[in-house]
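Each chain, letter by letter, is given below.
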Amino acid sequence: MQRHTLATLAATLGLALAFSSAAAANTVLRASHQFPGGQGDVRDEMVQLMARQVAEADVGLEIQVYPGQSLFRANEQWGALVRGRLDLTLLPLDYASGRHPEFSATLMPGLVRNHEHAARLNESEYMDMIKQVIMDNGARVLADSWLAGGFASSEQCITAPDTVRGQNIRAAGPAFEQMPQAAGASIASMPSSEVYTAMQTGVLDAANTSSMSFISFRLYEQVECLTEPGDFALWFMYEPILISEQVWQRLNEEQQAALMEAGKAAEEFFAAEAAAIDAKMVEVYEQNGIEVVRMSEEDYNAWIEIARETSYKNFAENVPNGQAIIDAALAVD
């Protein structure tokens, strides 16, 4: 009886050690992003979906997700990624345009007309050019996502260009910022995760950000009027899931394939949710008593005229290959 008990115990311990050894053998990838975790933000859900898919693939790979800037601050993620200090991130790519000005083309006023147009851009020469810059500088794309966005203000509704005059606004990236600045706004640059506090303390009067960020960061608590994307969206931002190229090269073929499959699943999940995010934003803001308006075609065209003389012109003149990047985007119907 004692021998049987000892044998059973030994077998159990052996099995536990085997499981422990297998778990220890897993390669763990750390994924960081700035968005709230576990609260329905579609960007967090994309990364969490990838983590589940990779675990199910059983290829000795695990993704640990660190949302809400709990691992790296928003503006630190690109640098950490390309140096191999961070494995994965979901990043608004324009945040890295200070290092690589080509990325400003992923937040260029009016360049993306709607979600369907964004999907076509993903398969275009324009995106090939952007992804080449990403690759050349130490990262690669696992999943594409484009988020529409709008304006919100604590002062007055933003529609025509003259409505931003005198307002201190966050516009997210240098190319986009040139347009409202030319219309008379003052500019404050910061990640979307800092907008709430900036509005609460009076640093900002208004902000551009994505529809998802307008919801997740509860900006309805700080504003009086929201300009939804509607039929004339000026603001679309590319926010891909990226992996460090140094990390990628250390993985085996099975692990790389699992990540690509998981990235594809995350991208498909986002595509199914994208348009609904805009409608959800409007619903949330109206429920919280916020006035919701849309730009007219006349308003939109007035903004685009300013953008051509500022954002587009400066990008073409000052960014390597800038005109070619814009032309490639504009060639996509």
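Up top you'll find the structure we're talking about.
Summarised in this report is the structure supplied together with it. (Residues numbered from 1 in each chain as written. Predicted model: local features only at pLDDT ≥ 70, side-chain atom pairs only at ≥ 80, totals over all residues. Heavy atoms only, no water.)

### Observations regarding the overall build of the chain
Spelled out, the test is: Numbering goes from the N terminus for both helices and strands, where a helix is a DSSP run of H or I of at least four residues and a strand is a run of E of at least two. Both definitions apply: the radius of gyration is a C-alpha atom measure, and the globule rule equals 2.2 Å times residues to the power 0.38. Contacts: residue pairs with any heavy atoms within 4.5 Å of one another. The Shrake-Rupley method, run with a 1.4 Å probe, gives the accessible areas here. Residue values count only the displayed protein chains as cover.
On a plain count of helices and strands, the chain comes out with twelve helices and twelve strands. In summary, the chain has a C-alpha radius of gyration of 22 Å against a globular reference of 20 Å for 333 residues, a match within 12%. Overall, the chain is about 90 × 45 × 30 Å in size when its C-alpha atoms are taken along their principal axes. A sequence separation of at least 24 residues applies to 76% of the contacts in the chain between residues at least 6 apart. Surface exposure of the chain reaches about 14,700 Å², of which carbon and sulfur atoms provide 47%.

### Thoughts on the pairing of strand E8 (residues 206-210)
Here is the rule: Think of it in three bands: residues with accessible area under 20% of the maximum for their type are buried, residues over 50% are exposed, and the middle band is partly exposed, with areas taken using a 1.4 Å probe on protein chains only. Here, any two strands with at least 2 DSSP bridges between them count as paired.
Counting buried residues along E8, five of its five residues qualify, which places the element largely inside the surrounding structure. Bridge count between strand E5 (residues 146-153) and E8: five bridges; the pairing is antiparallel. Counterpart to glycine 150 in the pairing with E8 is threonine 209. Judged from the two bridges that link them, strand E6 (residues 168-170) and E8 form a sheet pairing that is parallel. The residue bridging arginine 170 from the neighbouring strand is alanine 207, located in E8.

### A few points about the sheet that holds strand E4 (residues 139-143)
Basically, it comes down to this: A fitted line through C-alpha atoms serves as each axis, taken over the contacting stretch for helices, and the angle formed by two N-to-C directions is quoted from 0 to 180°.
Taken in spatial order, the five strands make up an open sheet running E2-E1-E3-E11-E4, and their pairing is mixed. The sheet terminates laterally at strand E2 (61-66) and E4, the two strands that pair on one side only. If you compare each strand with its neighbour and ignore which way they point, the axes differ by 30 degrees on average. Note: strand E1 (residues 27-32) against E2, six bridges, orientation parallel. Counterpart to arginine 30 in the pairing with E2 is glutamine 64. The strands that helix H2 (residues 42-57) touches are E1, E2, strand E3 (88-90), E4 and strand E11 (241-244); relative to E2, the one it contacts most, it runs at about 160 degrees. The strands that helix H10 (residues 253-287) touches are E1, E2, E4 and E11; relative to E4, the one it contacts most, it runs at about 55 degrees.

### Some thoughts on the layout of surface pockets
Under the convention used in this document: Think of a 1 Å grid over just the protein atoms. A cavity is a set of points where a 1.4 Å probe fits yet cannot get out, a pocket is an open set with protein on both sides within 12 Å along at least five of seven lines, and lining residues have an atom within 4 Å of a point. Grid points are joined across faces, edges and corners, and a volume is the space filled by probe spheres set on the points.
The computed volume of the largest pocket comes to approximately 240 Å³. His115, Ala119, Asn122, Phe270 and Ala271 are the residues nearest the centre of the largest pocket, which is lined by 14 residues in total. Of all the elements in the fold, those that place two or more residues in the lining of the largest pocket are helix H4 (115-121) and H10. When residues in the lining of the largest pocket are grouped by element, the largest group, five residues, is from H10.

### A few points about the side chain of aspartate 44
Here is the rule we go by: Two residue types count as positive, namely Lys and Arg, and two as negative, namely Asp and Glu; His and chain ends fall outside the count. Should a side-chain nitrogen of Lys or Arg be within 4 Å of a carboxyl oxygen of Asp or Glu, the pair is scored as a salt bridge. Polar contacts, as counted here, are pairs of nitrogen or oxygen atoms within 3.5 Å of one another; within protein the pair requires one atom able to donate a hydrogen and one able to accept it, and residues that are adjacent in sequence qualify only if both atoms are side-chain atoms.
Considering the arrangement of structural elements, one finds aspartate 44 in helix H2. Buried charged residue aspartate 44 carries no salt bridge. Nearest counter-charge: arginine 52, at 8.0 Å. Of the polar contacts made by the side chain of aspartate 44, one reaches the side chain of histidine 33; its length is 2.9 Å. Here glycine 38 takes part through its backbone nitrogen, which lies 3.0 Å from a polar atom of the side chain of aspartate 44. The residues touching aspartate 44, leaving out its near neighbours within four places in the chain, are His33, Pro36, Gly37, Gly38, Val65 and Pro67.

### Some thoughts on the pattern of salt bridges
Applying the stated criterion to the full structure yields eight salt bridges. Residue arginine 73 is joined to glutamate 194 by a salt bridge in which the shortest nitrogen-to-oxygen separation is 3.4 Å. Note that arginine 73 is positioned in the loop between E2 and helix H3 (77-82) and glutamate 194 in the loop between strand E7 (186-187) and helix H7 (195-200), a separation of 121 residues in sequence. A salt bridge links aspartate 231 to arginine 294, with the shortest nitrogen-to-oxygen separation between them at 3.7 Å. One end of the pair, aspartate 231, is in the loop between strand E9 (225-227) and strand E10 (235-238); the other, arginine 294, is in the loop between strand E12 (291-293) and helix H11 (297-318), and 63 residues separate them in sequence.

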